[in-house]
Amino acid sequence: MSDSRLHSPAAARNRQPILEVLRQVLPERARILEVASGSGEHALYCAGAMPGWHWQPSDPTDEALASIAAWRETAALPNLAAPRHLDATEPDGWPAESFDAIVAINLLHISPWAVTEALMARAGERLVPGGVLYLYGPYRRGGEHTAPSNAAFDASLRRHDPRWGVRDLEAVVAEATCRGLELARVVDMPANNLSVVFVRGQALSTA
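The shown structure was predicted, so the numbers you read here are calculated from the model rather than taken from an experiment.

Colleague: Can you explain the overall build of the protein? Please cite residues and give values.
Modeller: Per the secondary structure count, the protein includes 6 helices and 11 strands. For 207 residues, the compact-globule formula gives about 17 Å, and the C-alpha radius of gyration of the protein, at 16 Å, lands near that figure. Here the C-alpha coordinates of the protein stretch approximately 45 × 40 × 35 Å along the principal axes. For the protein, buried positions account for 48% of its 207 residues. For the protein, the share of sequence-separated contacts (at least 6 apart) that also reach a separation of at least 24 residues comes to 71%.

Written as structure tokens, this is what we have:
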């Protein structure tokens, strides 16, 4: 079992800052769908910290699904659901039920733009009114990288796959707006990343 568990150094570094933002924007009881859960460590950490959150992890790859399942078996958390296969670009593959939040951590820059379009479209459909779409990762702002390290990272991503790359925050916001999602909060995070919070159908207080 343990051989299937993947370990992400980035997840170990950013899980607490991510949890802090999620606690600010979500109620103590919430149904959460995580898209592209990867190793499953964020799901494990957040579900363990917030017993009132029912966390549904998902991923399109067998390796990630096996890792999530192994971490889940180790922890035996009642509010952490079994992982499900989910390719964001396949509308019929999404869960039919509604969610209070959809979470995507380090997804947009390592996927084609079509994934961003699909994520926004499905969030506009699957989130309850007032539900939250939470995104985490690096972004360009005003067409510029926020740090030289992000520029180098962007170049390496595009060498790996020309369809990948650090996204313009303004383009992401525009795509979300078209789907009835309102930008509620942008939070500076460690390592030149951002937490970007959208709300379906109503504004989120930034007090």
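Colleague: How would you summarise the sheet that holds strand E7 (residues 139-141) if you had to cite specific residues and measurements?
Modeller: One open sheet holds the 3 strands; their spatial order is E8-E7-E9, and the pairing between them is mixed. Among the strands making up the open sheet, the edge pair consists of strand E8 (144-145) and strand E9 (167-168). Judged from the 2 bridges that link them, E7 and E8 form a sheet pairing that is antiparallel. When the sheet's bridge partners are listed, Arg141 is paired in E8 with Glu144.

Colleague: Can you tell me about the pattern of salt bridges, naming the residues and giving the values?
Modeller: Any two side chains of opposite charge can pair if their charged atoms end up close together. With the rule as written, the count across this model stands at 6 salt bridges. Where Arg140 meets Asp168, a salt bridge forms, and the shortest distance between an N and an O atom there is 2.9 Å. Taken as a pair, Arg140 in strand E7 and Asp168 in strand E9 lie far apart in primary sequence, 28 residues in all. A cluster of three or more residues bridged by salt bridges with shared partners is formed by Arg122, Glu125 and Arg126.

Colleague: I'd love a proper account of the sheet that holds strand E1 (residues 30-35), names of residues and values included.
Modeller: The strand order E2-E1-E5-E6-E11-E10 describes an open sheet built from 6 strands, whose pairing is mixed. In this open sheet, the two strands that pair with only one neighbour each are strand E2 (53-56) and strand E10 (181-189). Strand after strand, the sheet turns through a mean of 20 degrees between neighbouring axes, direction not considered. The sheet contact formed by E1 and E2 spans 4 bridges and is parallel. For Ala30, the partnering residue across the bridge sits in E2 and is Trp53. Strands E1, E2 and strand E5 (99-105) of the sheet are contacted by helix H2 (residues 41-49), whose axis makes an angle of about 170 degrees with E2. Taken strand by strand, helix H6 (residues 169-178) contacts strand E6 (127-137), E10 and strand E11 (193-200), and its axis lies near 15 degrees from that of E11.

Colleague: Summarise helix H4 (residues 113-126); cite the residues concerned and give the values.
Modeller: For H4, spanning 14 residues, the distance from its first C-alpha to its last is 20 Å, which sits close to the expected 20 Å at 1.5 Å a residue. Burial runs high along H4: 10 of the 14 residues are buried. Turning to H4, its buried residues number three or more, namely Val115, Thr116, Ala118, Leu119, Met120, Ala121, Arg122, Ala123, Gly124 and Arg126. Each element contacted by the buried residues of H4 is listed here: E1, E5, E6, H6, E10 and E11.

Colleague: Tell me what's going on with the side chain of Arg167, and back it up with residues and numbers.
Modeller: In this fold, Arg167 is placed in strand E9. Among buried charged residues, Arg167 stands out as having no salt bridge; its nearest opposite-charge side chain is Asp154, 7.2 Å away. A distance of 3.2 Å separates a polar atom in the side chain of Arg167 from the backbone oxygen of Leu108. In this structure, Arg167 is in contact with Leu108, Ser111, Pro112, Trp113, Pro138, Tyr139, Arg140 and Val172, ignoring residues within four places of it in sequence.

Colleague: Tell me about the environment of Asn150, residues and numbers included.
Modeller: The residue Asn150 is located in helix H5 (residues 148-160) in this model. Relative accessible area serves as the criterion here: at 4%, Asn150 is assigned to the buried category. Sequence separation between Asn150 and Pro138 is 12 residues; the distance between their C-alpha atoms is 7.0 Å. Discounting chain neighbours no more than four positions away, the residues touching Asn150 are Pro138, His145, Val166, Ala191 and Asn192. Side-chain polar atoms of Asn150 contact the backbone oxygen of Asn192, separated by 3.1 Å.

Conventions adopted
Residues numbered from 1 in each chain as written. Predicted model: local features only at pLDDT ≥ 70, side-chain atom pairs only at ≥ 80, totals over all residues. Heavy atoms only, no water. Helix = DSSP H or I, 4+ residues; strand = E, 2+ residues; numbered from the N terminus. Rg over C-alpha atoms; globule rule 2.2 N^0.38 Å. Buried < 20%, exposed > 50% of the residue type's maximum accessible area, 1.4 Å probe, protein only. Contact = heavy atoms within 4.5 Å. Pairing = 2+ DSSP bridges. Salt bridge = Lys/Arg side-chain N within 4 Å of Asp/Glu carboxyl O. Axes fitted to C-alpha atoms, helices over the stretch in contact; angles between N-to-C directions. Expected span 1.5 Å × (residues − 1). Lys, Arg positive; Asp, Glu negative; His and termini not counted. Polar contact = N/O pair within 3.5 Å; in protein donor to acceptor, adjacent residues only side chain to side chain.

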